[in-house]
Amino acid sequence: MVVKLNVKTIRDFDFNNKKVLLRIDMDVPLDNGVIVDDTRLRASLDSINYLLDNGASVIFLLGHIGRPGGKPVPELSTKVVADWFSSHLSVPVAHVDSCFDFSLPDARVVVLENVRFFQGEKANDPVFSEKLASLADLYVNDAFATCHRSHASMVGVPSFIPGCLGFNVLKELENLSLDDAEKPFIAVLGGAKLSTKLPVIINLSSKVDYLLVGGAMIFTFYKALGFSVGDSLVDDDFIAKAKSLLDDPVISKKIVLPSDVVVSSFDEFSSSFSNTRVVSYDSIPDGFKGLDIGPEAVNKFKSLLSFAKTIVWNGPLGYVEAEPFDKATVSIAEFIASLTNNGVRTVVGGGDSLKVVNKLGLASAFTHVSTGGGASLLLLQGSELVALKALEKWN
Ligand code: ADP
Ligand code: MG
């Protein structure tokens with residue numbers, strides 16, 4: 001997939017003998033100081049190796065881990081990231097315990113301390129940005145998962161030194177660009193709230209053939225149709241909006257709502273769900289909560305998906321955190337994965353969807369699984385990413 005870009009990429013700059021500030025996604029999950037999932041660090045290796053091969057004199061790796069809140073939190077130090085790179089790069093890697101004010105170590109790759117230890121980062125403070133920028137000659141943004149944040153390391157730095165995109169951001173943009181997606185093109189959308197998915201529905205509705213809808217947002221649609229939804233989650237402020245989508249002659253033909261749902265009643269005494277059963281969408285009993293889409297809906301979704309050439313999936317179809325309400329999500333995820341490579345392009349976006357895919361060990365079974373939660377959602381809704389915008393002046 002080719003994207004139209006109005007920014008420079010890492011291939012357009014000459015890095016020979018240049019100091020480079022490379023912003024990457026370092027926000028890896030940690031358990032007792034050990035990296036549990038290194039996907040994000042791996043995603044930056046192509047850009048780092050390219051910069052090394054193309055003569056960069058020093059590469060400063062900049063990023064954040066967690067939410068330290070603008071002050072040093074020792075457990076969130078990037079030291080662990082520096083150790084990881086030491087064992088994954090063929091050149092010496094050093095760690096410094098600041099983002100500036102340090103004496104330059106004798107290493108070609110220098111991992112700077114967690115940029116969110118400084119208040120200037122989230123505040124996008126120009127003085128802070130200028131200090132970061134003064135480290136280097138050139139800036140490369142390869143931190144896709146942070147591209148929707150207008151923080152100093154994302155948008156401030158490239159106002160001072162020339163900046164471009166790295167390979168990881170490029171790959172995400174190429175895979176999440178769906179303007180010329182081959183048809184039939186089907187989107188599977190789940191998740192908790194219609195309010196957060198509405199912009200995605202509206203943007204995709206002009207591109208797809210079908211929008212298969214699951215997750216808790218189906219109950220807002222059912223309510224808009226006048227059905228009773230028991231104790232299911234409903235976005236009350238969005239019932240009118242749901243109604244207008246279902247009244248829209250074009251969008252309504254594309255939206256497929258589940259014909260059956262899995263419901264359950266919450267037992268306060270044992271604080272667990274009981275009386276789990278499958279019911280028709282129009283007969284959810286009082287006192288019951290809809291927690292997954294039903295088997296008939298899953299079969300209907302699969303029969304439509306089997307004709308698709310492009311599939312985009314965002315958002316769990318049910319309450320995946322508890323069995324058996326993860327059933328439809330797991331079944332559809334495995335089905336989409338099984339279609340991949342038979343000429344079918346399959347793309348997964350969204351933080352919780354990524355968690356499901358990783359839990360099932362299916363990350364490599366799709367054409368592309370986005371590593372950016374919020375940023376991928378913004379692309380799916382057709383919005384601009386602030387950090388890309390900030391690079392346009394160097395194009
Ligand atoms: P993503 O991060 O992939 O974009 P969302 O954040 O929109 O996905 O939604 C994920 C959440 O939606 C999950 O925590 C899941 O439990 C919840 N969810 C989906 N269906 C239901 C449901 N029927 N009832 C309650 N929660 C649901
Ligand atoms: Mg989420």
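Below you will find a few notes about this structure. Worth saying up front: this structure is predicted, and the values here are computed from it rather than measured.

Let's shift gears to the packing of helix α9 (residues 217-224) against helix α10 (residues 239-247). Interaxial distance between α9 and α10 falls to 8 Å at its minimum, and their mutual angle equals 75 degrees. Here α10 runs roughly perpendicular to α9, going by the angle between their axes. Together, T220, F221, K223 and A224 of α9 and I239, A242, K243, L245 and L246 of α10 make up the contact between the two elements. Classifying every residue of the contact of α9 with α10 by side-chain character gives 6 nonpolar, 1 polar and 2 charged.

Neighbouring ligand 1 are 20 residues, the closest being K197, G318, E321, D352 and S353. G290 places a polar main-chain atom, nitrogen or oxygen, 3.1 Å from a nitrogen atom of ligand 1. Considering ligand 1 on its own, with 580 Å² of exposed area, one finds that the protein chains cover 86% of that surface. For the shell around ligand 1, the elements supplying multiple residues, two or more each, are β14 (289-293) and α14 (351-359). The element that contributes the greatest number of residues to the shell around ligand 1 is α14, accounting for 3 residues.

Per the stated rule, a full pass over the model turns up 10 salt bridges. For K79, the salt bridge is made with D83, and the minimal N-O distance between the two is 3.1 Å. One end of the pair is K79 and the other is D83, both in helix α3 (residues 79-86) and 4 residues apart, which spans about a single turn. The exposure class of K79 is partly exposed, given its relative accessible area of 42%. In this structure D83 comes out as partly exposed when scored by relative accessible area, which is 41%. Here E392 makes a salt bridge to K389, at a shortest N to O gap of 3.1 Å. Under the relative-accessibility criterion, E392 is labelled partly exposed at 26%. With relative accessibility at 40%, the residue K389 sits in the partly exposed group. Connected through shared salt-bridge partners, E384, K389 and E392 make up one network.

Our focus in this paragraph is the packing of aromatic side chains. Considering all chains together, one arrives at 14 aromatic pairs under this definition. With 5.8 Å between their ring centres and 75 degrees between their planes, F100 and F128 make a pair best called edge-to-face. Of this pair, F100 sits in the loop between β5 (93-95) and β6 (109-111) while F128 sits in helix α5 (residues 126-133), and the two are 28 residues apart along the sequence. You'll find F100 and F128 in the same group, each marked buried. Centroid distance F273 to Y319: 6.3 Å. Interplanar angle 75 degrees. Geometry classified as edge-to-face. Taken as a pair, F273 in strand β13 (residues 272-280) and Y319 in the loop between β15 (310-314) and α13 (327-339) lie far apart in primary sequence, 46 residues in all. Members of the aromatic cluster, each reached through a chain of ring pairs, are F219, Y222, F227 and Y281.

Turning to α5, a few remarks are in order. Those residues of α5 not exposed but buried are F128, S129, L132 and A133. The arc that holds every buried residue of α5, seen down its axis, measures 135 degrees, which confines them to one face. Where α5 is buried, its residues meet β1 (19-24), β4 (58-62), α4 (119-123) and α6 (152-156). Between the side-chain oxygen at the start of α5 and the backbone nitrogen of V127 there is a gap of 3.0 Å, and the oxygen is on D125.

With that settled, consider the sheet that holds strand β11 (residues 255-256). An order of β11-β10-β9-β15-β16-β17 is seen for the 6 strands of this open sheet, with the pairing classed as parallel. Looking at which strands have only one partner, the edges of the open sheet turn out to be β11 and β17 (368-369). One ladder, built from 4 bridges, connects strand β9 (residues 185-189) with strand β10 (residues 210-213); its direction is parallel. The residue of β10 that forms the bridge with V188 is L212.

Basis of the calculations
- Residues numbered from 1 in each chain as written.
- Chains lettered and ligands numbered in written order.
- Predicted model: local features only at pLDDT ≥ 70, side-chain atom pairs only at ≥ 80, totals over all residues.
- Heavy atoms only, no water.
- Axes fitted to C-alpha atoms, helices over the stretch in contact; angles between N-to-C directions.
- Helix = DSSP H or I, 4+ residues; strand = E, 2+ residues; numbered from the N terminus.
- Parallel < 35°, antiparallel > 145°, perpendicular 65-115°, else oblique.
- Contact = heavy atoms within 4.5 Å.
- Nonpolar A, V, L, I, M, F, W, Y, C, P; charged D, E, K, R; others polar.
- Near = heavy atom within 4 Å.
- Polar contact = N/O pair within 3.5 Å; in protein donor to acceptor, adjacent residues only side chain to side chain.
- Areas by Shrake-Rupley, 256 points an atom, 1.4 Å probe, with all protein chains shown as cover.
- Salt bridge = Lys/Arg side-chain N within 4 Å of Asp/Glu carboxyl O.
- Buried < 20%, exposed > 50% of the residue type's maximum accessible area, 1.4 Å probe, protein only.
- Phe/Tyr/Trp six-rings, centres within 6.5 Å; stacked < 30°, edge-to-face > 60°.
- Arc of directions from axis to C-beta.
- Pairing = 2+ DSSP bridges.

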